[in-house]
Amino acid sequence: MAEFKDVADQVRDIAEVPAVEVITTTGVHLMSAAAVQCGLSEDGSKGDLDEARKLINALAGLVTASAAEIGDHHARPLRDGLRSLQLAFREASAIKDAPGAGPGEKFTGPVN
């Protein structure tokens, strides 16, 4: 019975979190993971560009789909971070994507 109460409390806690906070927190997690996979971690590890591409695509979809809902004040930092990651990916990649074919560019348009 105590376990059910714990789950009910967690659901109630989640329900009290505003959607904008869930969206921006998710965006920050995607950005952090993509940065590591682009080789931007403090330990200097190389990362995995295939993984970075997936994360950047997911971030671009989230930012594009939610921007109107969360407002410019919250969307702008996510868009700025996304653009920085797209540029970092392009720089780290040995095989360059065509303009508009880089990660997330189907949602954002070409990044240069």
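(A) Quick peek at the overall build of the chain. Counting its regular elements, the chain contains five helices and zero strands. Listed N to C, the secondary structure of the chain is α-α-α-α-α in terms of helices and strands. Taking 2.2 N^0.38 as the reference for a compact globule, 112 residues should give roughly 13 Å; the C-alpha atoms of the chain span a radius of gyration of 17 Å, well beyond that estimate. Dimensions along the principal axes, computed over C-alpha positions, put the chain at roughly 55 × 35 × 20 Å. Within the span of the chain, comprising 112 residues, buried residues form 29% of the whole. Taking contacts inside the chain between residues at least 6 apart in sequence as the whole, the part at least 24 apart equals 56%. When the accessible area of the chain is evaluated, it comes to approximately 7300 Å², of which 58% is carbon and sulfur surface. Taking the average place of the 11 positive charges on the side chains of the chain and the average place of its 17 negative ones, the gap between the two points comes to 8 Å.

(B) The packing of helix α2 (residues 19-37) against helix α4 (residues 72-92), seen in detail. Relative orientation of the contacting elements α2 and α4 amounts to 15 degrees, with a least axis distance of 10 Å. Between α2 and α4, the crossing angle belongs to the class labelled roughly parallel. Considering how the two elements wind past one another, α2 and α4 form a crossing that is left-handed. For the pair α2 and α4, the contacting residues are Val-20, Thr-24, Gly-27, Val-28, Met-31, Ala-34 and Ala-35 in the first and His-74, Leu-78, Gly-81, Leu-82 and Leu-85 in the second. Of the residues assigned to the contact of α2 with α4, the class counts are eight nonpolar, four polar and no charged.

(C) Spatial organisation of the side chain of Thr-24. Within the fold, Thr-24 resides in helix α2. Polar contacts involving the side chain of Thr-24 include one to the main-chain carbonyl oxygen of Glu-21, which spans 3.3 Å. With near-sequence residues (within four places) excluded, Thr-24 lies in contact with Ile-70, His-74 and Leu-78.

Rules of the game
- Residues numbered from 1 in each chain as written.
- Predicted model: local features only at pLDDT ≥ 70, side-chain atom pairs only at ≥ 80, totals over all residues.
- Heavy atoms only, no water.
- Helix = DSSP H or I, 4+ residues; strand = E, 2+ residues; numbered from the N terminus.
- Rg over C-alpha atoms; globule rule 2.2 N^0.38 Å.
- Buried < 20%, exposed > 50% of the residue type's maximum accessible area, 1.4 Å probe, protein only.
- Contact = heavy atoms within 4.5 Å.
- Areas by Shrake-Rupley, 256 points an atom, 1.4 Å probe, with all protein chains shown as cover.
- Lys, Arg positive; Asp, Glu negative; His and termini not counted.
- Charge placed at Lys NZ, Arg CZ, Asp CG, Glu CD.
- Axes fitted to C-alpha atoms, helices over the stretch in contact; angles between N-to-C directions.
- Parallel < 35°, antiparallel > 145°, perpendicular 65-115°, else oblique.
- Left-handed = near helix turned anticlockwise from the far one by under 90°.
- Nonpolar A, V, L, I, M, F, W, Y, C, P; charged D, E, K, R; others polar.
- Polar contact = N/O pair within 3.5 Å; in protein donor to acceptor, adjacent residues only side chain to side chain.

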